[in-house]
Amino acid sequence: MKTKLRLLLLILPLAFIAKAQKPENSNARIEALRAQFITEKLDLQPEEAQQFWPIYNQYRNELDKIQGNRLKELSHRRQGDKPIEDMTDSEAEKLILEELNRQRKLLDLREAYYSKFKAVIPIQKVALLYKAEMEFKKKLIHHLSGRHKKH
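In this text, all values refer to a predicted model and were calculated from it rather than measured experimentally.

A count of helical and extended segments in the protein chain gives five helices and zero strands. Its helices and strands in sequence order give the protein chain the pattern α-α-α-α-α, from N to C terminus. Every one of the 151 residues in the protein chain was classed for burial, and the buried ones make up 25%. Within the protein chain, counting contacts between residues at least 6 apart in sequence, those at least 24 apart form 68% of the total. Split by element, the accessible area of the protein chain, about 11,100 Å² in all, is 58% carbon and sulfur.

Here it is in structure tokens:
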């Protein structure tokens, strides 16, 4: 019972942060909801949460940098680059190699943080983390696609 109360005390501030966010700051709200979702799914104890969250937040920052670069590249491509069908072989190959390099960076990052995560939480919770991330992403996409249809 004490453990659940401590967990509730950790989650409550996140809920207030999520509610207090302005619509233009939806990324902060999404991150607060992600933290709440992961905390619940992993059933993090206060001691685990204290060690886990700084590492996870650092992981998300590095992940966002890699993903953010890709989004910039895709955005740039849409604004005037040739369609793939009109590329030369060398241009298409360059595009493929850049994507493979990005995926390699993502894999390297995930492997590095796998070791960091299992140093602070049990391995079963690390496995649950990956599952929780996928579930959260699916829920977020579902929510956003539903909201998009209403407008």
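Relative to the assigned elements, threonine 39 resides in helix H2 (residues 26-42). The class for threonine 39 is buried, based on a relative accessible area of 3%.

A few words now on helix H4 (residues 89-120). Here H4 contains 32 residues, and its C-alpha end-to-end distance of 47 Å stays within 8% of the 46 Å for a straight helix at 1.5 Å per residue. When H4 is considered as a whole, its buried residues turn out to be Arg102, Leu106, Leu109, Tyr113, Phe117 and Val120.

Moving on to H2. Under the 1.5 Å per step criterion, the end-to-end length of H2 is 24 Å for 17 residues, consistent within 8% with the ideal 24 Å. Those residues of H2 that fall on the buried side of the exposure criterion are Ile30, Ala32, Arg34, Ala35, Phe37, Ile38, Thr39 and Leu42. Trailing H2 by a residue or two, aspartate 43 shows a phi angle of about 50°, which is positive.

In this section: the nonpolar core. Membership of the largest hydrophobic core comes to 24 residues, with the highest contact counts inside it found for Ile38, Leu42, Phe52, Trp53, Tyr56 and Phe117. Elements that contribute at least two residues to this core include exactly H2, helix H3 (46-78), H4 and helix H5 (123-150). Among the elements that line this core, the one with the most residues is H3, at eight residues. Excluding residues that lie within four positions of it along the chain, leucine 42 makes contacts with Phe52, Ile121, Lys125, Leu128, Leu129 and Ala132.

A few words on the environment of lysine 118. Following the sequence through the fold, lysine 118 ends up in helix H4. Contacts of lysine 118, omitting those with residues within four sequence positions, involve Ile123 and Val126.

Calculation criteria
- Residues numbered from 1 in each chain as written.
- Predicted model: local features only at pLDDT ≥ 70, side-chain atom pairs only at ≥ 80, totals over all residues.
- Heavy atoms only, no water.
- Helix = DSSP H or I, 4+ residues; strand = E, 2+ residues; numbered from the N terminus.
- Buried < 20%, exposed > 50% of the residue type's maximum accessible area, 1.4 Å probe, protein only.
- Contact = heavy atoms within 4.5 Å.
- Areas by Shrake-Rupley, 256 points an atom, 1.4 Å probe, with all protein chains shown as cover.
- Expected span 1.5 Å × (residues − 1).
- Core = buried A, V, L, I, M, F, W, Y, C linked by side-chain atoms within 4.5 Å.

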